Amino acid sequence: MSNNPTRSPQLGAALALAQLLQEHPELEVASWSVDPMLGSLSGFLFEESVSAVEAYAEVLGGEVQQGLPYVFEERTVYPYRLSVVWRDVRVSVTTTVPLAKLLGRAA
């Protein structure tokens, strides 16, 4: 899926997303957005687990990076992000995991 200047940049991202969903229905459901100018994909996983984003890393390649913690709705959470180029499309997949869950306690 090379970038063709005559096509909309978002078309490549949309096609890559359709292929990802069709080829890997086992992956956790994500909320996806396509950047219309850059043609990149961003997915947010509602499953609050590191393993959910690591499953995407197994399919797409790359390494999951842990971000700095922050407080959201009175809970300390850690963001985890995968950023890769897959089929000529920049893809990022993100989730947040509550500190309590990381420590094995009820969130």
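Residues numbered from 1 in each chain as written. Predicted model: local features only at pLDDT ≥ 70, side-chain atom pairs only at ≥ 80, totals over all residues. Heavy atoms only, no water.

Caption draft 1: The pattern of salt bridges, seen in detail. Going through the model one piece at a time under the given rule, you end up with two salt bridges. Linking E48 and R75 is a salt bridge whose minimum nitrogen-to-oxygen distance equals 2.8 Å. In this pair, E48 is assigned in the loop between strand 2 (41–45) and helix 2 (50–60) and R75 in strand 5 (residues 75–86), connecting sequence segments 27 residues apart. Accessibility expressed as a relative area gives 22% for E48, which makes it partly exposed. (Salt bridge = Lys/Arg side-chain N within 4 Å of Asp/Glu carboxyl O. Helix = DSSP H or I, 4+ residues; strand = E, 2+ residues; numbered from the N terminus. Buried < 20%, exposed > 50% of the residue type's maximum accessible area, 1.4 Å probe, protein only.)

Caption draft 2: View of the pairing of strand 1 (residues 30–34). Across five bridges, strand 1 lies against strand 2 in antiparallel orientation. Within the sheet, the bridge partner assigned to A30 lies in strand 2 and is L45. The turn linking strand 1 back onto strand 2 is made up of six residues, and G39 within it adopts a positive phi angle of 70°. (Pairing = 2+ DSSP bridges.)

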